[in-house]
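# Structure at a glance
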Amino acid sequence: MCGIVGYLGSAEASPIVLEGLRKLEYRGYDSAGIATISDGGIRMLRAQGKLVNLEQRLKEQPLIGTRAIGHTRWATHGRPSEINAHPHKAGQIVVVHNGIIENYLELKQMLQHKGHNFSSDTDTEIIAHLIEEHFKQGGGFELAVRHALNEVRGAYAIAVLCEAEPDLLIAAKHGSPLVVGRGADEYFVASDIPAMLAHTRQMIFLEDGEMVIFAPQGLRFCDLAGTTLEKEEKTITWSPLMAEKGGYKHFMLKEIYEQPRAIADTIAGRLRENEGDIYLGDLKLNTQQLAGFEKIFIVACGTSWHAALVGKFYLEKLCRIPVEVDIASEFRYRDPIVNAKTLILVISQSGETADTLAALREAHGKGGKVLCICNVVDSSIARESDGVIYTHAGPEIGVASTKAFTTQLVALLLFALRLGRARNSLSADECRQKMQALVTLPRLLESCLELDGAIEKIARELSAARDFLYLGRGNQYPIALEGALKLKEISYIHAEGYPAGEMKHGPIALIDEQLPVVVIVPDNATFDKVVSNMEEVRARGGRVIVVTSGQGCRLETACESLFCLPEADDDLMPILTSIPMQLLAYHVAVYKGTDVDQPRNLAKSVTVE
Ligand code: F6R
């Protein structure tokens, strides 16, 4: 996730674009840049780190021009550095981009053969060169952009300037958001509404495959074939803070709703359908090395540890390799048995968690190979690991992790498929079947999110409870733990997650008419067993809330509330059942009136041991 802003009008453009970028810093902040265009050509400034660094540079070397594009970056391809910061320039063309280009490697090779030289590690630079290549062939700026966009695969929102046609600014989108703002004799384009709200409330929302050509005399919308489109203008009535949260009341809710997109981004460019394999660019371990491991430790904290527990199911099932899961703060002090044939997979969304970093160093010290699953490019954990699998969740602002967690589960499944292929425990066809299931995930998650209203309805009454119990079995036990943790963190209600079959060995004593028991029981091999555990709760008067799928959707009369999820491959089910857990915690917390995005005593990144 990155933020882009463009301006075309009669005022000096760079201060307006900088101000817009400031409103988009929530979308990423590891580097930033601006390009302006005037009769003197394109001028560009970029800086690593937060926007203040770029601001300082602009003070020293102001950029003149009434047309500009700008970018604040959340690295996906290439580490955060000035060289990888946007805009990217190729010949006459300069581009800012938000998204991920899936076929960038093929395009890069093709362009290199034609003599293009690349100066960054980004996928975005490919777009600039591709437009430049078409521009050189004649037909003009607009045609060159359309030709180039017809060749790229993946997600993008772009804004482009061309030195030879300095009156124009072109923007387009596919899969990443882009909004146009119309002021009095001035135009704006941005990834999100807040970037423009200080100047205009008149907005036009671009759809996938649409493009807009800004010129001093007006706007023209078209599709990628060049056909002119009529677009409806809307008046935005949101307050600036509401706008930053995309109209959602809290960042956490916004992030819950971002999951279909975040998961699509995490999968993008990684499925190799023809080979029946997974491509993980930063893994840095070849098939032979992967096949040589004899044991895996997965090490993490908190929510990431819950992801690790699900990962054990994926890896043992698909790769037939023994997996141990450790809480990072425990791992380093128990003298774990690690050698060169041990793989240590550390999971950390922030990449800065001190306990996890210490565990990583302990594993390295004992001669193990370390891979990490991480959401922050070039974070300490990413830098110190031998290889990385990045989740592409984008920045998570809410302290309680949601989209970072579900993208970790997706990354774990992708890695299990890659390792399974390397170890030959999985055939190309079996891998392809899982890939086909994976691409349906964003759509399945959309239908899980439709439960939001029904979950909100039960949350008011449940918010009065003093304790909660969450039950799950197999790969749903970690989701029971995660559901309980989410509720604890943001509503301050005591909650426990338990393996459903273990309840009768103790926690059953807690059950009375006051205790809500959330039972996660998808329609899988242990369905009947978990239903029996649920009956044990009912028999003692407990309040049963069921999250289920398939035949479980008929359990309505056997519980107080039932939430029915779409049917899916059992490996995907923990990702789906996470959604009602997040929504329940969220709505209970809202009714309790707690600070959902910044709950007491917690921090987003825990850098102390
Ligand atoms: C809970 C949560 C924490 C983190 C934990 C590890 O919602 O976010 O439990 O999962 O502090 O953080 P990372 O993943 O950044 O290492």
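Here the structure is a predicted model, which means the values were calculated and not measured.

Bringing the overall build of the protein chain into the picture now. When helices and strands are counted, the protein chain shows 20 helices and 27 strands. If you line up the protein chain on its principal axes, its C-alpha atoms span 80 × 55 × 45 Å. Put simply, the protein chain has 609 residues, and 61% of those count as buried. Put simply, 71% of the contacts in the protein chain that link residues at least 6 apart link residues at least 24 apart. When the accessible area of the protein chain is evaluated, it comes to approximately 22,900 Å², of which 47% is carbon and sulfur surface. When the 63 positive and 78 negative side-chain charges of the protein chain are each reduced to one mean point, those points stand 3 Å apart.

Okay, the sheet that holds strand β15 (residues 234-235) next. Within the open sheet, the 8 strands sit side by side as β3-β2-β4-β1-β10-β9-β11-β15. Their pairing is antiparallel. Either end of the sheet is taken by a strand with one partner, and the two such strands are β3 (41-48) and β15. Relative to β15, strand β11 (residues 202-205) is paired through 2 bridges, and the arrangement is antiparallel. By the bridge assignment for β15, Gln 202 is matched with Thr 235. Those strands touched by helix α1 (residues 13-23) are β1 (3-8), β2 (31-38), β4 (67-73) and β10 (187-190), and its axis lies near 25 degrees from that of β4.

Before going further, it helps to spend a moment on unusual backbone geometry. Of note, the bond from His 86 into Pro 87 is cis; its omega dihedral lies within 30 degrees of zero at 0 degrees. Structurally, Pro 87 is set in the loop between β4 and β5 (88-90). Despite not being glycine, Arg 320 has its phi angle at roughly 50 degrees, a positive value. Examined against the element boundaries, Arg 320 turns out to sit in the loop between α10 (302-319) and β19 (323-327). Of note, the phi angle at Asn 424 is positive, near 65 degrees, even though the residue is not glycine. Within the secondary structure layout, Asn 424 lies in the loop between α14 (403-422) and α15 (428-439). Given the relative accessible area of 64%, Asn 424 is considered exposed.

With that out of the way, let us pick up the domain arrangement of the protein chain. When cut into domains, the protein chain gives domain 1 (3-244), domain 2 (253-441) and domain 3 (450-592). Every contact between the two is made by 15 residues of domain 1 and, on the other side, 14 residues of domain 2. Carbon and sulfur atoms make up 64% of the area that domain 1 and domain 2 hide from each other, which totals about 1,300 Å². The largest per-residue losses of area from domain 1 upon contact with domain 2 belong to Tyr 26, Trp 74 and Ile 100, which jointly make up 40% of the total buried on that side. The interface formed by domain 1 and domain 2 contains 0 salt bridges. The interface formed by domain 1 and domain 2 contains 1 residue pair in polar contact (both at pLDDT 80 or more). Within the side of domain 1 that touches domain 2, the residues separate by chemical class into 7 nonpolar, 4 polar and 4 charged.

The subject of this paragraph is the environment of Ala 155. Within the fold, Ala 155 resides in strand β7 (residues 154-162). Ala 155 gets classed as buried once you look at its relative accessible area, which sits at 7%. Taking the C-alpha atoms as reference, Ala 155 lies 9.5 Å from Ala 264; in sequence the two are 109 residues apart. Ignoring sequence-local partners within four residues, the contact set of Ala 155 consists of His 97, Asn 98, Gly 99, Ile 100, Ile 101, His 174, Gly 175, Ser 176, Arg 261 and Asp 265.

Inspection of the region around the ligand gives 14 residues, with Ser 304, Ser 348, Gln 349, Ser 350 and Thr 353 positioned closest. For the ligand, whose accessible area on its own is 410 Å², the fraction buried by protein is 91%. Sorting the residues of the shell around the ligand by element identifies α10 and α18 (477-491) as the ones contributing at least two each. Here the element with the most residues in the shell around the ligand is α10; it accounts for 3 residues. Here the shell around the ligand is built from residues that sort into 4 nonpolar, 8 polar and 2 charged.

Calculation notes
Counting restarts for each chain: residues are numbered from 1 in the order of the written sequence. Local features in this predicted model are restricted to residues whose pLDDT is 70 or higher, and side-chain atom pairs enter the listing and the counts only when it is 80 or higher, whereas totals over whole chains, interfaces and linings include all residues. Only hydrogens and water are set aside when side-chain values are computed; all heavy atoms of the structure are taken into account. Numbering goes from the N terminus for both helices and strands, where a helix is a DSSP run of H or I of at least four residues and a strand is a run of E of at least two. With a 1.4 Å probe rolled over the protein chains alone, any residue whose accessible area is under 20% of its type maximum counts as buried; one over 50% counts as exposed, and the rest are partly exposed. Should any heavy atoms of two residues lie within 4.5 Å, those residues are considered in contact. Exposure was quantified through the Shrake-Rupley algorithm and a 1.4 Å probe, taking into account, for residues, occlusion by the shown protein chains and nothing else. Counting rule for charge: Lys and Arg are taken as positive, Asp and Glu as negative, and neither His nor the chain ends is counted. A charge is said to be at NZ when it belongs to Lys, at CZ for Arg, at CG for Asp and at CD for Glu. Any two strands with at least two DSSP bridges between them are considered paired. The convention used is that axes are lines fitted to C-alpha atoms, helices contributing only their stretch in contact, and that angles between N-to-C directions extend from 0 to 180 degrees. Note that domain bounds follow an automatic or database assignment of domains. By convention, the term buried area covers the 1.4 Å-probe accessible surface removed from two parts as they join, with the contributions of both added. Should a side-chain nitrogen of Lys or Arg be within 4 Å of a carboxyl oxygen of Asp or Glu, the pair is scored as a salt bridge. Within 3.5 Å is the distance limit for a polar contact, defined as a pair of N or O atoms, with the added protein rule that one can donate a hydrogen and the other accept it, and that residues adjacent in sequence qualify only through two side-chain atoms. Following the grouping adopted for this structure description, the nonpolar residues are Ala, Val, Leu, Ile, Met, Phe, Trp, Tyr, Cys and Pro, the charged ones are Asp, Glu, Lys and Arg, and the polar ones are all others, Gly among them. Being near a molecule or strand, for a residue, means having at least one of its heavy atoms within 4 Å of it.

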